[in-house]
Amino acid sequence: MAAPSRICIVGLGYIGLPTAAALATRGLDVVGVDVVPGVVDAINRGEAPFSEPDLAVAVSGAVAMGRLRATTAPEAADAFVIAVPTPIREDQTADRSYIEAAAEAIAPVLRPGNLVVLESTSPPGTTLRLSRWLAERRPDLTFPHDHQDAADVNVAHCPERVLPGRIMIEIVMNDRVIGGVSPTCAERARDLYAVVTQGRIHLTDATTAEMAKLSENAYRDVNIGYANELSMICDHLGIDVHEVIELANRHPRVNVLQPGPGVGGHCIAVDPWFIVEAAPEHARLIRTAREVNESKPSYVVGEVVKSAQRYRDPVIACLGLTFKADVDDLRESPALRITTDLVRHGLGRVVVAEPHVDALPADLAALGGVRLVDTAAAIEEADIVLLLVDHAEFRGVKRAALRGKVVFDTRGVWR
Ligand SMILES: NC(=O)c1ccc[n+]([C@@H]2O[C@H](COP(=O)([O-])OP(=O)(O)OC[C@H]3O[C@@H](n4cnc5c(N)ncnc54)[C@H](O)[C@@H]3O)[C@@H](O)[C@H]2O)c1
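Residues numbered from 1 in each chain as written. Predicted model: local features only at pLDDT ≥ 70, side-chain atom pairs only at ≥ 80, totals over all residues. Heavy atoms only, no water.

1. Overview of the site of the ligand
- Lining the immediate environment of the ligand, one finds 24 residues, of which Y14, I15, D34, T86 and T121 sit closest.
- Y14 is positioned with one of its backbone polar atoms (N or O) 3.1 Å from an oxygen atom of the ligand.
- The separation between an oxygen atom of the ligand and a polar side-chain atom of D34 is 2.6 Å.
- If the ligand stood free it would expose 840 Å²; the protein chains cover 88% of that surface. (Near = heavy atom within 4 Å. Polar contact = N/O pair within 3.5 Å; in protein donor to acceptor, adjacent residues only side chain to side chain. Areas by Shrake-Rupley, 256 points an atom, 1.4 Å probe, with all protein chains shown as cover.)

Here it is in structure tokens:
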């Protein structure tokens with residue numbers, strides 16, 4: 001079967017839009033679909049609705065060439081790529097409703113010979129479920145969960161491994177794992193991704209591909225959890241954890257990661273729960289690492305509160321709100337959680353320095369008793385300085401400015 005040339009991408013966020021732009025730039029006809037009309041309008045004007053290096057130029061070029069346009073409802077195509085969110089719910093189970101909604105939306109326009117690829121990070125078994133959801137909505141077509149290679153429609157999973165800030169490079173350069181519900185499904189998805197991928201493409205079955213993606217992020221989480229647990233043990237013993245790690249890493253086969261105030265972002269802090277959900281009795285280490293990492297923000301708050309109680313009206317400077325260094329992304333940020341908890345404690349006043357935002361998030365500002373100031377002013381005013389994010393600007397702080405203050409350096413950048 002010929003490689004697909006007309007592609008419909010459902011979900012035009014950090015993953016879907018770069019994928020759409022990359023495929024369109026290589027000459028495929030791409031229709032992007034999003035439920036947010038503002039996103040659709042921006043793309044049709046040739047603009048990227050969020051900031052990511054090199055994305056704006058790729059989108060404007062692809063739209064100007066007539067290869068990319070956006071709409072709110074899926075249209076007939078050779079291949080469909082689903083890149084909608086897969087958040088966790090309160091009970092730490094995956095919310096698959098966005099994928100089901102995407103299935104519902106594409107089902108009416110499916111035709112024999114179509115390929116459907118799920119890119120969203122998903123619990124094991126979700127791609128098979130997607131195949132079943134499509135089958136329920138299109139009883140006139142056959143699907144690979146029960147017709148394997150003979151199915152009218154092919155369904156595969158191609159998880160995404162890009163790093164925000166490098167998405168346009170990594171979407172091309174990274175190796176890809178592609179899992180088919182049947183071997184033919186995997187091969188057809190490979191033909192699609194071969195258009196953009198310069199890395200190697202590894203074929204497997206859909207559930208293995210889902211698990212491979214989740215294992216990558218759980219691996220990171222477990223290793224960070226180890227460093228975070230070490231940091232609490234070392235605090236208890238009155239030892240500098242950063243020195244311990246530096247010395248331990250002199251061993252030729254040891255590479256302990258750096259501890260921090262917790263784990264943030266919407267991938268590493270979320271995806272390991274999908275494994276726990278799939279095998280709760282067996283995923284003991286993965287669950288514990290999640291719990292250790294989730295407990296770290298309250299541990300940091302507890303340490304700062306203990307210290308603040310020694311002052312009458314302390315000023316606490318929180319340096320950084322984002323989930324990692326030198327980005328403006330606040331999603332699942334432990335720094336934001338810690339700052340919010342400290343403000344709620346009402347111990348003195350909190351000043352925040354965050355060079356990557358122009359205003360405090362509305363929920364934090366609404367609490368009152370907290371101000372956004374520049375880094376120098378925050379440190380100058382503070383009795384207690386709490387470094388939460390290792391932004392380049394904070395690394396450059398002169399040590400003399402910290403003299404006489406209680407310093408909590410959760411990232412170990414001022415050692
Ligand atoms: N952002 C990353 O760095 C990254 C990396 C690897 C994997 N992932 C995974 O990729 C998936 C997508 O993540 P993202 O960061 O692009 O999310 P995002 O929130 O940036 O974008 C998702 C888009 O889908 C749209 N959408 C929601 N429901 C829809 C529907 N039914 N039909 C059409 N559009 C719909 C939203 O409006 C939004 O624009 C998630 O599963 C995520 O875990 C993300």
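There is more to say, and it comes next.
2. Considering the domain arrangement of the protein
- Domain assignment breaks the protein into domain 1 (6–199) and domain 2 (215–409).
- Summed over both partners, the interface of domain 1 with domain 2 buries about 1,000 Å², with 59% contributed by carbon and sulfur atoms.
- Three residues, I88, Q92 and T121, lead the burial of domain 1 against domain 2; their summed loss comes to 39% of the area buried on that side.
- Linking domain 1 with domain 2 are 2 salt bridges.
- The shortest N-O distance in the salt bridge between E216 and R161 comes to 2.6 Å.
- Here domain 1 is connected to domain 2 by 2 residue pairs in polar contact (both at pLDDT 80 or more). (Domains from an automatic or database assignment. Buried area = accessible area lost by both parts, 1.4 Å probe. Salt bridge = Lys/Arg side-chain N within 4 Å of Asp/Glu carboxyl O.)

3. Details of the sheet that holds strand β11 (residues 370–372)
- Pairing is parallel across the open sheet formed by 5 strands, whose spatial order is β11-β10-β9-β12-β13. Both edges of this open sheet fall to β11 and β13 (406–409), since each of them pairs with a single strand only. Strand-to-strand, the axes of this sheet are offset by a mean angle of 15°, without reference to chain direction.
- Contacting β9 (315–319), β12 (384–387) and β13, helix α12 (residues 284–308) crosses the sheet at an angle of about 170° to β12. (Pairing = 2+ DSSP bridges. Helix = DSSP H or I, 4+ residues; strand = E, 2+ residues; numbered from the N terminus. Axes fitted to C-alpha atoms, helices over the stretch in contact; angles between N-to-C directions. Contact = heavy atoms within 4.5 Å.)

4. Quick notes on the packing of helix α9 (residues 206–237) against helix α11 (residues 271–278)
- Put simply, α9 and α11 touch, their axes get as near as 8 Å, and they point 115° apart. Between α9 and α11, the crossing angle belongs to the class labelled roughly perpendicular. As for the relative orientation of α9 and α11, their crossing is left-handed in sense. Note on element contacts: α11 touches α9 through D271, P272, F274 and I275, opposite M211, K213, L214, S215, N217, A218 and D221. (Parallel < 35°, antiparallel > 145°, perpendicular 65-115°, else oblique. Left-handed = near helix turned anticlockwise from the far one by under 90°.)

5. Quick look at the packing of helix α1 (residues 16–25) against helix α3 (residues 55–64)
- Running from N to C, α1 and α3 cross one another at 50°; their axes reach a closest spacing of 9 Å. On the basis of their axis angle, the class for α1 and α3 is oblique. The handedness of the crossing between α1 and α3 is left-handed. In this structure, α1 contributes L17, P18, A21, A24 and T25 to the contact, and α3 contributes L55, A58, V59 and A62.
- Residue composition of the contact of α1 with α3, by class: 8 nonpolar, 1 polar and no charged. (Nonpolar A, V, L, I, M, F, W, Y, C, P; charged D, E, K, R; others polar.)

6. Remarks on the sheet that holds strand β3 (residues 68–71)
- Across the sheet, 8 strands lie side by side as β3-β2-β1-β4-β5-β6-β7-β8; this open sheet has mixed pairing. Both edges of this open sheet fall to β3 and β8 (201–205), since each of them pairs with a single strand only. Each neighbouring strand pair of the sheet contributes to a mean axis angle of 25°, computed without reference to strand direction.
- With 4 bridges joining them, strand β4 (residues 79–82) and strand β5 (residues 115–118) adopt parallel strand pairing.

7. A look at the layout of surface pockets
- In this structure, the second largest pocket spans a volume of roughly 430 Å³.
- Lining the second largest pocket are 19 residues, and of these D235, V241, H242, D409 and T410 lie nearest its centre.
- Elements with a minimum of two residues in the lining of the second largest pocket: α9, α10 (241–248), α12 and β13.
- Among the elements that make up the lining of the second largest pocket, the one with the highest residue count is α12 (4 residues). (1 Å grid on protein atoms, 1.4 Å probe; cavity = no way out; pocket = protein on both sides within 12 Å on 5 of 7 lines; lining within 4 Å. Points joined across faces, edges and corners; volume = space filled by probe spheres on them.)

8. A closer look at the packing of aromatic side chains
- Inspection of every chain in the model, using the stated rule, returns 1 aromatic pair.
- Ring centres of Y14 and F50 lie 4.3 Å apart, and the angle between their planes is 35°; on these two criteria the pair is classed as tilted. Linking Y14 in the loop between β1 (6–10) and α1 with F50 in the loop between α2 (37–44) and α3, this pair joins segments that are 36 residues apart in sequence.
- Look at Y14 and you get partly exposed, because its relative accessible area is 32%. (Phe/Tyr/Trp six-rings, centres within 6.5 Å; stacked < 30°, edge-to-face > 60°. Buried < 20%, exposed > 50% of the residue type's maximum accessible area, 1.4 Å probe, protein only.)

9. Points about the environment of M173
- Examined against the element boundaries, M173 turns out to sit in helix α7 (residues 167–173).
- With 88 residues separating them along the chain, M173 and P85 place their C-alpha atoms 23 Å apart.
- Discounting chain neighbours no more than four positions away, the residues touching M173 are Q198 and G199.

10. Some points on the nonpolar core
- Judged by nonpolar contacts, the single largest core of 64 residues is most densely connected at V116, L130 and L134.
- If you tally residues by element for this core, the top one is α1, at 6 residues.
- Apart from residues no more than four positions distant in its own chain, L130 is found in contact with I82, I99, A103, V116, L118 and V155.
- Judged by nonpolar contacts, the second largest core, of 23 residues, contains C318, A335, V352 and I384. (Core = buried A, V, L, I, M, F, W, Y, C linked by side-chain atoms within 4.5 Å.)

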